[in-house]
Amino acid sequence: MRHLAVGLVVLLGAVSQAAAEWKPSIFDGESKRAIQGCSATVTDDAWSCAFIRCEADKRLGLYLDIPGVLSEGPITLAIDGRDFRLALQATGGPFGDAYRVAGAEADMFAAFPTGRSLRIRQEGIKKGYDAIPLAGIGPALRRLSQSCGAH
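Cut-offs and rules
Residues numbered from 1 in each chain as written. Predicted model: local features only at pLDDT ≥ 70, side-chain atom pairs only at ≥ 80, totals over all residues. Heavy atoms only, no water. Disulfide = S-S within 2.5 Å. Helix = DSSP H or I, 4+ residues; strand = E, 2+ residues; numbered from the N terminus. Buried < 20%, exposed > 50% of the residue type's maximum accessible area, 1.4 Å probe, protein only. Phe/Tyr/Trp six-rings, centres within 6.5 Å; stacked < 30°, edge-to-face > 60°.

Trainee: Would you take a moment to explain the state of the cysteines for this structure?
Mentor: A covalent bond between the sulfur atoms of two cysteines is what we call a disulfide. Scanning the entire structure with this criterion turns up two disulfides. The disulfide that involves Cys-38 links it to Cys-49, with 2.1 Å between the sulfurs. Where Cys-38 bonds to Cys-49 through sulfur, the torsion about that S-S bond is close to 105 degrees, and the disulfide is right-handed. Here Cys-38, found in strand E2 (residues 34–38), pairs with Cys-49, found in strand E3 (residues 49–54); they are eleven residues apart in sequence, far enough to count as distant. Judged by relative accessible area, which is 0%, Cys-38 ranks as buried. Disulfide connectivity for the protein chain, with bonded cysteines indexed by sequence position, reads 1-2, 3-4.

Here it is, written out as structure tokens:
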């Protein structure tokens, strides 16, 4: 638990930098296998971040972290108006209390580099926390995909 608290403090310190562009994850052991991007709206106790990770099976996985807001079940993610209807799964994974996005497939990951923002639609998400800019995701995702061997 202490490790998680320290990770969140580090995350909050880096969130404002991460909001500007997608970068390697700041979580321990994840900097070479995951990238993160965050919303421009951030406070000490509220943020919205997405993580793309090279999973053990060499596929890309997508995770979302919006503290106290997200819940298991259906969610719609949109990239420049293109909707992806997916589901969230609770996980004790590498990004604290982040939820894994089930059903994120290659066509969604292919849309990231040309998109301007990732819109998150699930009840309870406030304006400002519902969009994650995709600035800089193209090169970061390309490097991650190459090192992962994902297609």
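That covers the picture; the talk isn't over yet.
Trainee: Where do I start with the packing of aromatic side chains in this structure?
Mentor: Aromatic rings in a pair are described by how distant their centres are and how their planes are angled relative to each other. Counted according to the given criterion, the structure contains six aromatic pairs. Measuring from ring centre to ring centre gives 4.3 Å for Phe-51 and Phe-95, while their planes differ by 10 degrees; the resulting arrangement is stacked. With Phe-51 in strand E3 and Phe-95 in the loop between strand E6 (82–90) and strand E7 (99–102), this residue pair connects regions lying 44 residues apart in the sequence. A relative accessible area of 0% means that Phe-51 is categorised as buried. On the basis of relative accessibility, which here comes to 1%, the residue Phe-95 falls in the buried class. The interplanar angle of 65 degrees and the centroid separation of 5.1 Å between the aromatic rings of Tyr-63 and Phe-95 together place this pair among those described as edge-to-face.

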